[in-house]
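Structural overview
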Amino acid sequence: APQPCTLVIFGGGGDLTRRKLLPAIYNQALDGELPANFAVLGLAIEAMDDNQYRDFARKGIEEFSRQPLDPAYWKDFGRCLHYLHGSFDNPDVYVQLAQRLTEIEANFSIPGNRVFYLAIPPALIETCVCQLKAAGLVMPVDEHSPFSRIIVEKPIGRDLESARKVNATLSKNFHEQQIYRIDHYLGKETVQNILAMRFGNAIFEPLWNSKHIDHVQITVAEQEGVGTRAGYYDSAGALRDMIQNHILQLLTLIAMEPPWIMNADVIRDHRQDILNCLRPITPENFDHHVVRAQYGPGFHHGEDVPGYRREAGVAQDSITETYIALKLFIDNWRWAGVPFYIRTGKRMPKRASEIAIQFKSVPPILFNANHDQPLEPNVLALSIQPNEGLSLRIATKLPGAKLKIFPVKMDFRYGSTFGEQSPEAYERLLLDVMAGDATLFMRRDAVESSWAWVDNILNVWASSRTRWIPEYAAGTWGPLEADRLIESDNRKWRML
Ligand code: BG6
């Protein structure tokens, strides 16, 4: 269960805090999930006092919360929010932080447990972590001390070398058990359902291997463009932003062996095995495995939208990819020879993320005279968002005098089955940290192996002298090159 604690948010006045963290906390409080003794202390450079911070929080919650703000409840809830302003590199701020924490803990009867959330640009991680330690704010890991835990947001580094540096700084100051590297995809209800679906049913697991599966497709399509985040995104791109973390984690859940217990390290060991088996992409096979592209201008949801290079803050000659398609292989017994096709992009026609398992076709013997027309294969599609659910395509007989086969879908939707809205990823993940459960967080080895694999691709791009990148019109499903990538294997991207 979540333990009483104070949540200290570095970057407490920022966008992530306003859009995600404070609304998550509010919803947990409303649902009665938070520990009774709980408080928040936002820390940031903006000058605000506690009351102004509460107004800031209220606005964020009004705009972004899953459940509407209840003014009567707010009065009570607002009291647990506090604010301290100062610069993260100033040691005096940490002295004040320690004082504020002691006061808050006395007022809210919190036994000294602290969660430090780093919702800050990566360049500041080292400063904050070292200052926390220097100020004596990191407790040792033992049953007698209150806990100190730290949550680190992505990106952790921009390649293997820089990720190792961040991890080394973290490890010098915190024990691995105290470190929670957040990947919000792992907190999504439908993503957690992957394990329930695979291991809670008798009918999938026996078929879950190269003997029966033809290929897997993972799509994470976003409707939005780069928005106001060019400062970060233009030096990152889709590979670093989405594949290195979220999508490789989805892949590990789909591909991992059954764990023998629901325990953080056992599950993470099993996920790690998959990362260890990813076949490296090499300069020799690169063109058959990787396609990148950037959105150009287009007509998107009723308006003309600019191309990526014309977005605010983007370099005019940028070749940052806003789309990437990949083919990859997992070299172990279960997945030998099964291609995984992955694509993710911004400014796609709609927001739609799914994982589709396409089974092998049955032999084309029974249902047509020439024995040449294969039937539509079975597909199990896990829809991650927005229309969360799961569907299975099966062959049935079309009613009528002839024996004609027709594919139909068996469909489960969270919304219609369970009625209520699922909690947001950040809600679940924050509670897990308070409960000390790291199952849904990235361990150091996972972050580094993912970067090691991604670095192979980054290196090929870095070594190419071309300043050219294929374009796709905003509002379309990516470049022709990506269609060729899959069609040259006689397969097709799914229509979403
Ligand atoms: C973030 C990326 O990690 O995930 C963003 O930095 C992306 O670029 C976002 O838009 C997608 O998250 P979600 O939950 O909206 O699918």
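- As annotated in an unreviewed UniProt entry, the protein chain carries the name Glucose-6-phosphate 1-dehydrogenase and comes from Methyloglobulus morosus KoM1.
- As recorded by UniProt, the Sequence similarities (unreviewed entry) comment attached to the protein chain reads in full: "Belongs to the glucose-6-phosphate dehydrogenase family."
- The annotation that UniProt attaches to the protein chain under Catalytic activity (unreviewed entry) is "D-glucose 6-phosphate + NADP(+) = 6-phospho-D-glucono-1,5-lactone + NADPH + H(+)".

Description of unusual backbone geometry
- With an omega of -5°, the peptide bond between Lys154 and Pro155 qualifies as cis.
- Tracing the backbone shows Pro155 in the loop between strand S5 (148-152) and helix H6 (160-173).
- Residue Gln385 is joined to Pro386 through a cis peptide bond whose omega torsion reads 0°.
- Inspection of the secondary structure puts Pro386 in the loop between strand S14 (379-385) and strand S15 (389-398).
- Positive phi, normally seen in glycine, also occurs at Ser109, with a value near 50°.
- In this fold, Ser109 is placed in the loop between helix H4 (91-107) and strand S4 (114-118).
- For Arg347, which is not glycine, the phi dihedral falls at a positive 55°.
- Of note, Arg347 is situated in the loop between strand S12 (340-345) and strand S13 (352-359).

Some thoughts on the sheet that holds S14
- Pairing within the open sheet is mixed, and its nine strands lie in the order S16-S15-S14-S13-S7-S12-S11-S8-S17. In this open sheet, the two strands that pair with only one neighbour each are strand S16 (404-413) and strand S17 (471-473). Taking each pair of neighbouring strands and ignoring which way they run, the sheet shows an average axis angle of 20°.
- By the bridge criterion, six bridges tie S13 to S14 in an arrangement that is antiparallel. Bridge assignment links Gln358 to a residue of S14, and that residue is Val379.
- In this fold helix H7 (residues 189-199) packs onto S13, S14 and S15, with an angle of close to 150° to the strand it touches most, S14.
- Its contacts with the sheet put helix H9 (residues 238-255) on strand S7 (213-221), strand S11 (323-328), S12, S13 and S14, and the angle it makes with S12 is roughly 140°.

Comments concerning the UniProt feature "binding site: NADP(+)" (unreviewed entry) in the protein chain
- When the UniProt feature table is mapped onto this chain, "binding site: NADP(+)" (unreviewed entry) is found at Lys154.
- Mapped onto the fold, Lys154 is located in the loop between S5 and H6.
- With sequence-adjacent residues up to four places away left out, Lys154 is seen in contact with Ile182, Tyr232, Asp241, Asn245 and His246.
- At a separation of 2.9 Å, a polar atom in the side chain of Lys154 contacts the side chain of Asp241.

Concerning empty space enclosed by the protein
- Within this structure, the stated rule accounts for four cavities of 30 Å³ or more.
- Size it by volume and the largest cavity reaches roughly 80 Å³.
- Only H9 and helix H13 (444-463) provide two or more residues apiece to the lining of the largest cavity.
- Its residues assigned to classes, the lining of the largest cavity shows six nonpolar, two polar and three charged.
- In this structure, the second largest cavity spans a volume of roughly 50 Å³.
- Thr190, Asn193, Ile194, Leu382, Ser383, Ile384, Gly389 and Tyr414 are the residues that line the second largest cavity.
- Elements supplying a minimum of two residues to the lining of the second largest cavity: H7 and S14.

Describing the pairing of S4
- With five of five residues buried, S4 is to be regarded as a mostly interior element.
- Burial of S4 is two-sided: the residues Arg114, Phe116 and Leu118 facing one way and the residues Val115 and Tyr117 facing the other way are all buried.
- Examined bridge by bridge, strand S1 (residues 5-10) and S4 share five bridges and lie parallel to one another. Residue pairing in the sheet places Thr6 in a bridge with Arg114 of S4.
- Both S4 and S5 contribute to a ladder of five bridges, which runs parallel. Within S5, the residue paired with Phe116 across the bridge is Ile150.
- Crossover handedness for the path S4 to helix H5 (residues 125-134) to S5: right-handed.

Remarks on the nonpolar core
- Core analysis: the biggest nonpolar cluster contains 151 residues, and Phe10, Leu97, Leu132, Ile330 and Ile355 have the highest contact counts within it.
- The element best represented in this core is H9, accounting for 11 residues.
- The residues contacting Ile355, other than those within four sequence positions of it, are Ile194, Val216, Gln217, Ile218, Leu250, Ile254, Leu380, Ala381, Leu382 and Ile384.

A closer look at the site of the ligand
- Surrounding the ligand, one finds Lys154, His184, Tyr185, Lys188, Glu222, Arg229, Asp241, Met242, His246, Lys346, Arg351 and Gln385.
- Contacts to the ligand include Lys188, whose side-chain N or O atom sits 2.6 Å from an oxygen atom.
- The element contributing the most residues to the shell around the ligand is H9, with three residues.
- In terms of residue class, the shell around the ligand is built from two nonpolar, three polar and seven charged.

Some details on the layout of surface pockets
- Quantified by volume, the second largest pocket comes out at close to 520 Å³.
- Taken together, 18 residues line the second largest pocket, and the ones lying closest to its centre are Gln217, Arg491, Lys492, Trp493 and Arg494.
- Of all the secondary-structure elements, those providing two or more residues to the lining of the second largest pocket are S7 and helix H14 (480-487).
- In terms of residue count, S7 provides more of the lining of the second largest pocket than any other element does, three residues in total.

What counts as what
- Residues numbered from 1 in each chain as written.
- Predicted model: local features only at pLDDT ≥ 70, side-chain atom pairs only at ≥ 80, totals over all residues.
- Heavy atoms only, no water.
- UniProt positions renumbered as here; feature names shortened; annotations may be inferred.
- Helix = DSSP H or I, 4+ residues; strand = E, 2+ residues; numbered from the N terminus.
- Pairing = 2+ DSSP bridges.
- Axes fitted to C-alpha atoms, helices over the stretch in contact; angles between N-to-C directions.
- Contact = heavy atoms within 4.5 Å.
- Polar contact = N/O pair within 3.5 Å; in protein donor to acceptor, adjacent residues only side chain to side chain.
- 1 Å grid on protein atoms, 1.4 Å probe; cavity = no way out; pocket = protein on both sides within 12 Å on 5 of 7 lines; lining within 4 Å.
- Points joined across faces, edges and corners; volume = space filled by probe spheres on them.
- Nonpolar A, V, L, I, M, F, W, Y, C, P; charged D, E, K, R; others polar.
- Buried < 20%, exposed > 50% of the residue type's maximum accessible area, 1.4 Å probe, protein only.
- Right-handed = clockwise from strand over helix to strand, strands pointing away.
- Core = buried A, V, L, I, M, F, W, Y, C linked by side-chain atoms within 4.5 Å.
- Near = heavy atom within 4 Å.

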